[in-house]
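# Structural description and commentary
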Amino acid sequence: MSQGMVADYKRFLMTDGEGIRCSLYVSGCPFHCVECYNESIWDFRAGHPYTQKLEDQIMEDLAQPYVQGLTLLGGEPLLNTGILLPLCKRIRSEFGHTKDIWSWTGYTWEELMRPGETPDKLELLQYIDILVDGRYIKDLHDSLLQFRGSSNQRIIDVPKSLENPHDPPVIWEKLHDQERFIPSIYGKDRVQGEGDAS
């Protein structure tokens, strides 16, 4: 299904995973989650072609010492392996594991591990450190979740999970969801302070 297209590339973000990251948004997704925030790039022909110039820019940006790694989003990264496999191989060749690779996917871990899944997806998983899995489900939306939109989604440690791929996946050890919405706390404190002063 992939047409070798990307929708966007963003440099030096802190929203798409741990640390300062670069994020590549590939085009095309068959899942069509209700209220998906990237609905505009469901089309596999959206955006512009992936180029060697863009890849070289990604590598140059990743070389910055303050950049922790690359995040793959979409669209559906695991349906864009024609682009992402060569890129991830180059990252490992040039940086080893000094840069990590995160990816979001609409697939669940269990779907990816089922018999008959395409080998390109499984090969790409070999290069990914952290996978946020599962489709976004509007009715399970929770703004307190770390790096994900709905409570069915998981942040998975891929290398550890691949050691026993048919067991339940190993959750990222740094998972830390909020317990309450921070702005509401500040608002409450501010109102209490104003009341105390009167």
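- Taking an unreviewed UniProt entry as the reference, the protein is identified by name as Anaerobic ribonucleoside-triphosphate reductase-activating protein belonging to Gardnerella vaginalis.
- Under the heading Cofactor (unreviewed entry), UniProt records this for the protein: "[4Fe-4S] cluster".
- On record in UniProt, under Sequence similarities (unreviewed entry), the comment for the protein is "Belongs to the organic radical-activating enzymes family."

### Considerations on the confidence of the model for the protein
- Per-residue confidence for the protein gives a mean pLDDT of 90; residues scoring 70 or more make up 91%.
- A low-confidence stretch, residues 190-198 stays under pLDDT 50, and its non-local contacts, those more than four residues away or across chains, total zero contacts.

### Here's the deal with the environment of Arg 92
- Residue position: Arg 92 is located in helix α2 (residues 81-95).
- Each C-alpha atom of the pair Arg 92 and Leu 131 lies 17 Å from the other, and the pair is 39 residues apart in sequence.
- Excluding anything up to four places from it in sequence, Arg 92 contacts His 97, Lys 99, Ile 101, Tyr 127 and Asp 129.
- Side chain to side chain, Arg 92 and Asp 129 meet in a polar contact 2.8 Å long.

### Looking at the environment of Thr 105
- Relative to the helices and strands, Thr 105 is located in the loop between β5 (100-104) and α3 (109-113).
- Put simply, Thr 105 and Arg 21 are 84 residues apart on the chain and 18 Å apart in space, counted from C-alpha to C-alpha.
- Thr 105 has contacts with Glu 76, Leu 78, Leu 131, Val 132, Asp 133 and Gly 134, leaving out every residue within four places of it along the chain.
- Among the polar contacts listed, one links the side chain of Thr 105 to the backbone nitrogen of Tyr 107, at a separation of 3.1 Å.

### Concerning the pairing of strand β4 (residues 69-73)
- With respect to burial, β4 is a largely interior element, five of its five residues being buried.
- The pairing of strand β2 (residues 21-26) with β4 spans five bridges and is parallel. Along β4, the bridge assignment pairs Cys 22 with Leu 70.
- Bridge analysis of β4 against β5 gives four bridges, and the strand direction is parallel. In the sheet register, Thr 71 faces β5, and the bridge partner there is Trp 102.

### Thoughts on the pattern of salt bridges
- Under the criterion given, the structure shown has 17 salt bridges.
- Note that Arg 154 and Glu 110 form a salt bridge whose closest N and O atoms lie 2.7 Å from each other. Within this pair, whereas Arg 154 is found in strand β7 (residues 154-157), its partner Glu 110 is found in helix α3, the two being separated by 44 residues in sequence.
- Sharing partners across several salt bridges, the network here consists of Glu 55, Asp 56, Arg 90 and Glu 94.

### Digging into the side chain of Asp 100
- The residue Asp 100 is located in strand β5 in this model.
- Using a relative accessible area of 16% as the deciding quantity, one classes Asp 100 as buried.
- Among residues more than four places away in sequence, those in contact with Asp 100 are Arg 21, Gln 68, Gly 69, Leu 70 and Asp 129.

### Looking at α2
- Compared with an ideal rise of 1.5 Å per residue, which puts 15 residues at 21 Å, α2 spans 20 Å between its outermost C-alpha atoms and is within 8% of the ideal.
- For α2, every residue scored as buried is listed here: Thr 81, Ile 83, Leu 84, Leu 85, Leu 87, Cys 88, Ile 91, Arg 92 and Phe 95.
- On the buried face of α2, the contacting elements are β1 (5-13), β2, α1 (52-62), β4, β5 and α4 (119-125).
- Of the residues one or two after α2, Gly 96 is the one with positive phi, at around 60°.

### Re the layout of surface pockets
- Taken as a whole, the largest pocket spans an internal volume of roughly 570 Å³.
- Around the largest pocket, the lining is made up of 27 residues, and of these Cys 36, Tyr 37, Trp 104, Tyr 136 and Gln 153 lie nearest the centre.
- Of the residues that constitute the lining of the largest pocket, the class distribution is twelve nonpolar, ten polar and five charged.

Rules behind the numbers
Residues numbered from 1 in each chain as written. Predicted model: local features only at pLDDT ≥ 70, side-chain atom pairs only at ≥ 80, totals over all residues. Heavy atoms only, no water. UniProt positions renumbered as here; feature names shortened; annotations may be inferred. pLDDT = per-residue confidence, 0-100. Contact = heavy atoms within 4.5 Å. Helix = DSSP H or I, 4+ residues; strand = E, 2+ residues; numbered from the N terminus. Polar contact = N/O pair within 3.5 Å; in protein donor to acceptor, adjacent residues only side chain to side chain. Buried < 20%, exposed > 50% of the residue type's maximum accessible area, 1.4 Å probe, protein only. Pairing = 2+ DSSP bridges. Salt bridge = Lys/Arg side-chain N within 4 Å of Asp/Glu carboxyl O. Expected span 1.5 Å × (residues − 1). 1 Å grid on protein atoms, 1.4 Å probe; cavity = no way out; pocket = protein on both sides within 12 Å on 5 of 7 lines; lining within 4 Å. Points joined across faces, edges and corners; volume = space filled by probe spheres on them. Nonpolar A, V, L, I, M, F, W, Y, C, P; charged D, E, K, R; others polar.

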